[in-house]
Amino acid sequence: MRIYLIAVGDRMPGWVQEGYQEYAKRLPPECGLHLIEIVPGRRGKGVDVERTVHDEGERMLAAIPRGCRVFALDVPGRQWSTEDLSQKLAGWLQGGCDVALLVGGPEGLSAACRQRAEGLWSLSLLTLPHPVVRIVLAEQLYRAWSILKNHPYHRK
């Protein structure tokens, strides 16, 4: 099984790339984490933001590998504890299907991305910078895997 993190944004600062890679490389091949970056649309004065979000959404949907289960990260989504995520990961591994996690740009996800998803997941009620979301996701997936394997990384 593969987990695809499909996120709007490219050219992340080094600290973001290092933080993400630190946890992504810890995951074993049976639940490898793969980043697919979506080039963000233009933003600024006079730009139609709705159109930008729509276009980013179309590129995100086109990037989802065939046969993936899709979950969208969205503030109004359901919050999962680390233990909840661990159980979801166990189900994903058992089911054998790849999973795509969608992370939108500064204005969020398009309606089409939210509709395509089988579930909406909120990492927090806090508004997190999108680069930080990559690191938090990678770390939490590693922590969820460590719970499944009784690895000492996760301590209560």
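Refer to the structure printed above.
In this report, we go over the structure that sits alongside the text. (Residues numbered from 1 in each chain as written. Predicted model: local features only at pLDDT ≥ 70, side-chain atom pairs only at ≥ 80, totals over all residues. Heavy atoms only, no water.)

## A word on the pattern of salt bridges
Any two side chains of opposite charge can pair, so long as their charged atoms come close to each other.
Then comes step 1: The full count for this structure, using the stated rule, is 10 salt bridges.
Then comes step 2: Glu22 is the partner of Arg26 in a salt bridge, and the nearest nitrogen-oxygen pair spans 2.9 Å.
Then comes step 3: We note a salt bridge from Arg69 to Glu118, for which the minimum N-O separation is 2.5 Å. A residue pair is termed long-range when its members are at least 10 positions apart, and Arg69 in strand 3 (residues 69-79) and Glu118 in the loop between helix 4 (111-116) and strand 5 (119-122) qualify at 49 residues. (Salt bridge = Lys/Arg side-chain N within 4 Å of Asp/Glu carboxyl O. Helix = DSSP H or I, 4+ residues; strand = E, 2+ residues; numbered from the N terminus.)

## Some thoughts on the sheet that holds strand 1 (residues 2-8)
Then comes step 1: Sheet architecture is open: 5 strands sit in the order 2-1-4-3-5, paired in parallel fashion. In the strand order of this sheet, the two ends are held by strand 2 (32-38) and strand 5, each with one partner. Taken over all neighbouring pairs, the strand axes of this sheet differ in orientation by 35° on average, direction set aside.
Then comes step 2: When strand 3 meets strand 4 (residues 99-103), the two strands line up parallel, connected through 5 bridges. When the bridges of strand 4 are listed, Val70 appears paired with Ala100.
Then comes step 3: Here helix 2 (residues 49-63) sits on the sheet in contact with strand 1, strand 2 and strand 4, set at roughly 145° to strand 2. (Pairing = 2+ DSSP bridges. Axes fitted to C-alpha atoms, helices over the stretch in contact; angles between N-to-C directions. Contact = heavy atoms within 4.5 Å.)

## Here's the deal with the side chain of Arg134
Then comes step 1: The topology assignment puts Arg134 in helix 5 (residues 130-148).
Then comes step 2: Of note is the side chain of Arg134, whose polar atom sits 2.7 Å from the side chain of Glu37.
Then comes step 3: Contact partners of Arg134, with chain neighbours within four places excluded, come to Leu5, Ala7, Val8, Gly9, Asp10, Met12, Val16, Tyr20, Leu35 and Glu37. (Polar contact = N/O pair within 3.5 Å; in protein donor to acceptor, adjacent residues only side chain to side chain.)

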